[in-house]
Amino acid sequence: MSEIKSIRFNAVNTAKQIIVKAGTRLLIDRASVARLVSGIALLRNAGHKVLLVTSGAVGMGMELAGVSRRPAELGHKQALAALGQTRLMSIYAEEAAKHGFQVAQLLLTAADLRSRSRYLNVMNCIAALWERNILPIVNENDSVSVDELKFGDNDTLAGMLTSVTGADLTVLLTTVDGLRDRTADGKLGDRIPAVEKITEKIKSLAGGTDDSNFSIGGMASKLRAAEIATAAGAFLWIADGRDTDVIQKILAGDDIGTLFLPRNHRVSGKKRWVGFFSKVSGTLTVDEGAAEALCTRGKSLLPSGVVSVAGNFRRGDTVEIMTGQNRIIARGLVNFDAVQLLSICRKHSDEINAILGRNVDTEAVHRDNLVLLEE
């Protein structure tokens with residue numbers, strides 16, 4: 001077995017928990033939903049806990065309402081989502097029953113994952129469903145979401161749920177056969193079988209792949225999902241869901257689609273929340289010495305390494321940490337409010353005590369509450 005085939009085979013067959021996401025254009029009728037559920041049944045029968053992220057509520061609502069083009073008005077989209085979601089879930093439930101298992105619906109907004117308590121509630125609910133051998137089916141709550149509460153697309157939602165659940169593999173089923181290279185004239189070239197690291201060059205290969213009449217997203221959103229999943233220590237596999245045997249081929253480790261390899265270590269649950277879900281309230285710009293201490297030596301961020309402060313944050317809020325070249329390198333929970341930290345930038349411990357008094361934290365952001373966004 002070749003090295004890459006071995007990696008693909010092990011990525012799926014050693015995975016305890018798998019997130020599967022199916023795009024709108026794969027869910028065009030009952031037969032397509034039935035094929036998807038059959039594929040999920042194969043994964044479940046192989047011993048994997050599966051969570052399905054489904055698109056298709058708006059598309060199903062469009063079909064039921066006789067609408068041919070995705071409406072621009074928010075209220076109309078929300079109405080179609082409400083109409084279509086009920087029908088979509090009834091089909092999932094009926095098809096799952098044929099394979100001897102039940103399904104449960106979770107409708108989420110971004111606010112459900114930004115709040116630490118609600119994040120934990122989502123995580124506990126999914127774990128409880130898995131304990132009962134029930135398939136969780138998750139969709140964005142399009143009938144109530146507005147821009148500030150939206151994930152953006154279900155690719156991003158799938159990546160985030162990989163992080164929430166600590167899943168080992170995410171499979172994005174779409175209408176393309178993976179990430180492709182570009183030829184000299186900018187046209188699509190050969191499929192890239194595997195990606196070890198998502199670089200700027202890899203990001204530049206992204207191009208729109210979906211028909212906006214029915215869906216949103218594209219390869220750029222799939223790369224964003226891959227960034228989140230691989231940072232959480234999981235594999236992510238983009239594959240062509242139009243292939244009726246796609247799940248069987250993934251289980252066999254066949255050379256299909258594009259497999260993104262995880263980072264070298266798995267980030268803890270708390271740090272995953274800080275890194276990908278918590279709301280950012282400010283920015284700390286650090287000097288080169290502090291950036292090197294954070295990125296290569298695993299140190300905490302000290303006030304002496306902070307050059308400037310932006311934002312109106314409080315103690316315990318999430319801040320981004322960036323270099324003087326505007327490169328965001330980390331996120332973390334800050335130990336001071338903005339006014340306090342501004343008063344002790346570039347200061348050492350004895351000076352901090354003189355300014356703020358004794359018994360204050362010596363770190364601006366402790367390493368236990370800090371997540372590196374680069375490796």
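The structure we're discussing is the one just above.
### Here's the deal with the pattern of salt bridges
Overall, the coordinates contain 19 salt bridges when judged by the stated rule. Across the salt bridge formed by D112 and R118, the nearest N and O atoms sit 2.6 Å from each other. Under the relative-accessibility criterion, D112 is labelled buried at 15%. Taking relative accessible area as the criterion, R118 reaches 37% and is therefore assigned partly exposed. With its nearest N and O atoms 2.6 Å apart, the salt bridge here joins D287 to R346. Taken together, the positions of D287 in the loop between β11 (280–286) and α12 (288–297) and R346 in the loop between α13 (338–344) and α14 (349–356) put the pair 59 residues apart, joining distant regions of the chain. Taken together, the shared-partner salt bridges connect R30, E94, E95 and K98 into one network.

### Thoughts on the nonpolar core
Ranked by internal contacts, the top residues of the largest apolar core, which has 44 residues, are L51, L161, L179, L236, F260 and F277. Those elements giving two or more residues to this core turn out to be β2 (49–54), β3 (103–108), α6 (116–131), α7 (154–165), α9 (219–231), β9 (235–240) and α11 (269–276). No other element matches α9, which puts 7 residues into this core. Every residue in contact with F277, bar those within four places of it in the chain, is listed here: L113, R114, Y119, M160, S163, V164, R272 and R331. In this structure, V33, L52, M89 and L251 belong to the second largest nonpolar core, which totals 38 residues.

### Description of the sheet that holds β3
Here we have 8 strands laid out as an open sheet, ordered β3-β4-β2-β1-β5-β9-β10-β8, and mixed in their pairing. What marks the edges here is a single partner per strand, and that holds for β3 and β8 (194–195). Sheet topology places strand β1 (residues 17–22) next to β2; 6 bridges connect them, and they run parallel. Paired with K21 across the bridge in β2 is V53.

### Quick look at helix α4 (residues 74–98)
Across its 25 residues, α4 extends 36 Å between first and last C-alpha, which sits within 8% of the 36 Å expected from 1.5 Å per residue. If you look at α4, its biggest bend is around 25°, right at G84. All buried positions along α4 are accounted for by Q78, L80, A81, G84, Q85, L88, M89, I91, Y92, E95 and A96. Contacts from the buried residues of α4 go to α2 (30–45), β2, α3 (57–65), β3 and β4 (135–140). Backbone geometry just downstream of α4 places G100 in the positive-phi region, at approximately 85°.

### Some words on the environment of D190
Topologically, D190 is positioned in strand β7 (residues 188–191). Here D190 falls in the exposed class, since its relative accessible area comes to 62%. Excluding residues within four positions of it along the chain, D190 makes contact with L179, R180 and D181.

### Regarding the side chain of T230
Looking at where T230 falls in the secondary structure, it is placed in helix α9. Only 2.6 Å separates the side chain of T230 from the backbone oxygen of A226, close enough to count as a polar contact. Contacts of T230, omitting those with residues within four sequence positions, involve I198, F260, L261, P262 and R263.

### Concerning the sheet that holds β11
Taken in spatial order, the 5 strands of this open sheet run β12-β11-β13-β14-β15, and their pairing is mixed. Edge positions in the sheet fall to β12 (306–311) and β15 (370–372), since each has one partner strand and no second. Pairwise comparison of adjacent strand axes, ignoring direction, gives a mean angle of 25° for this sheet. As paired elements, β11 and strand β13 (residues 318–322) share 5 bridges and run parallel to each other. When the bridges of β13 are listed, T285 appears paired with M322. The strands that α11 touches are β13, β14 (328–333) and β15; relative to β14, the one it contacts most, it runs at about 120°.

### Observations regarding the packing of aromatic side chains
Applying the stated rule across the entire model yields 0 aromatic pairs. Directly above the aromatic system of F101 lies the positively charged group of R44, at a separation of 4.0 Å from the ring centroid.

Conventions and cut-offs
- Residues numbered from 1 in each chain as written.
- Predicted model: local features only at pLDDT ≥ 70, side-chain atom pairs only at ≥ 80, totals over all residues.
- Heavy atoms only, no water.
- Salt bridge = Lys/Arg side-chain N within 4 Å of Asp/Glu carboxyl O.
- Buried < 20%, exposed > 50% of the residue type's maximum accessible area, 1.4 Å probe, protein only.
- Helix = DSSP H or I, 4+ residues; strand = E, 2+ residues; numbered from the N terminus.
- Core = buried A, V, L, I, M, F, W, Y, C linked by side-chain atoms within 4.5 Å.
- Contact = heavy atoms within 4.5 Å.
- Pairing = 2+ DSSP bridges.
- Expected span 1.5 Å × (residues − 1).
- Bend = angle between axes of the 7 residues up to and from the residue.
- Polar contact = N/O pair within 3.5 Å; in protein donor to acceptor, adjacent residues only side chain to side chain.
- Axes fitted to C-alpha atoms, helices over the stretch in contact; angles between N-to-C directions.
- Phe/Tyr/Trp six-rings, centres within 6.5 Å; stacked < 30°, edge-to-face > 60°.
- Lys NZ or Arg CZ within 6 Å of the ring centre and 35° of its normal.

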